[in-house]
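# Observations on chain architecture
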Amino acid sequence: MDHQGSVVARVYTSDAKIPVQGATVIFTKIAEDGQRELLAVRLTNYDGYTDPIMVDAPPLADSQNYSPDVQAYAVINITAEEASYGRILVRNAQVFSDTETVQEFMLIPSPMLPEQYAQTEVFSIPPQNL
């Protein structure tokens, strides 16, 4: 594809949106053969943001007119995790061409619940009718 969009993850904790520095964020997509393809692994900075990654996406013009046969965005999965916090997986995050997508993750501390360290909270984003 000739078109790309970018995606950034923002990882924080509590309703006060306190940044989580050093969280691991994994960006993947499902390839045409059904296999999971790794796009990037990033660590969050002091402000809780990752560096952006570029994702191939359909042309932006595809999102301007509705067509049931055309998906106007790329679909990726993003996982955020950090020691002593619960893990979060966002399925079907949407990335549009020529646009920066910011996916937020509010990690919940779990230092008193070691049996939950390996659990993942999953959020699935439904498709849009554009």
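What comes next is a walk through the structure. (Residues numbered from 1 in each chain as written. Predicted model: local features only at pLDDT ≥ 70, side-chain atom pairs only at ≥ 80, totals over all residues. Heavy atoms only, no water.)

With that settled, the discussion passes to the overall build of the chain. Of the regular secondary structure elements, the chain holds zero helices and nine strands. Mapped from its N terminus to its C terminus, the chain presents α and β elements in the order β-β-β-β-β-β-β-β-β. Residues counted as buried form 34% of the 130 residues belonging to the chain. Across the chain, contacts joining residues at least 24 apart in sequence account for 61% of those joining residues at least 6 apart. Roughly 7,900 Å² of accessible area belongs to the chain as shown, and the carbon and sulfur atoms make up 49% of that amount. (Helix = DSSP H or I, 4+ residues; strand = E, 2+ residues; numbered from the N terminus. Buried < 20%, exposed > 50% of the residue type's maximum accessible area, 1.4 Å probe, protein only. Contact = heavy atoms within 4.5 Å. Areas by Shrake-Rupley, 256 points an atom, 1.4 Å probe, with all protein chains shown as cover.)

Tallied over the entire structure, the rule returns three salt bridges. Residue Arg-10 is joined to Glu-104 by a salt bridge in which the shortest nitrogen-to-oxygen separation is 2.9 Å. Taken as a pair, Arg-10 in strand β1 (residues 4–13) and Glu-104 in strand β8 (residues 100–107) lie far apart in primary sequence, 94 residues in all. In this structure, Glu-104 engages Lys-17 in a salt bridge whose closest nitrogen and oxygen atoms are separated by 3.7 Å. Within this pair, whereas Glu-104 is found in strand β8, its partner Lys-17 is found in the loop between β1 and β2 (18–19), the two being separated by 87 residues in sequence. Members of the salt-bridge network, linked through shared partners, are Arg-10, Lys-17 and Glu-104. (Salt bridge = Lys/Arg side-chain N within 4 Å of Asp/Glu carboxyl O.)

Turning next to the pairing of β1. For a regular strand, the rule is simple: side chains alternate between the two faces of the sheet. The buried count for β1 comes to nine of 10 residues, which makes it a mostly enclosed element. Summarising the sheet, β1 and β8 pair through eight bridges and their orientation is parallel. When the sheet's bridge partners are listed, Val-11 is paired in β8 with Phe-105. Summarising the sheet, β1 and β2 pair through two bridges and their orientation is antiparallel. Within β2, the residue paired with Thr-13 across the bridge is Ile-18. Taking the residues that link successive antiparallel strands as the turn, the β1-β2 hairpin has four residues, and the phi of Ser-14 there is positive, at about 70°. (Pairing = 2+ DSSP bridges.)

With that settled, consider the side chain of Gln-94. Along the polypeptide, Gln-94 turns up in strand β7 (residues 87–95). In this structure Gln-94 touches Tyr-73, Ala-74, Thr-101, Ile-125, Pro-126, Pro-127 and Gln-128, once residues within four positions along its chain are discounted.

Attention now moves to the sheet that holds β7. Read from one edge of the open sheet, five strands run β4-β3-β6-β7-β9, paired in mixed fashion. The sheet is open, and its two borders are formed by β4 (36–43) and β9 (120–124), each paired with just one other strand. Each adjacent strand pair in this sheet contributes to an overall mean axis angle of 20°, direction not counted. Sheet topology note: the strand β3 (residues 24–30)/strand β6 (residues 74–81) ladder contains five bridges and is antiparallel. Note on β6: the bridge partner recorded for Phe-27 is Ile-78. (Axes fitted to C-alpha atoms, helices over the stretch in contact; angles between N-to-C directions.)

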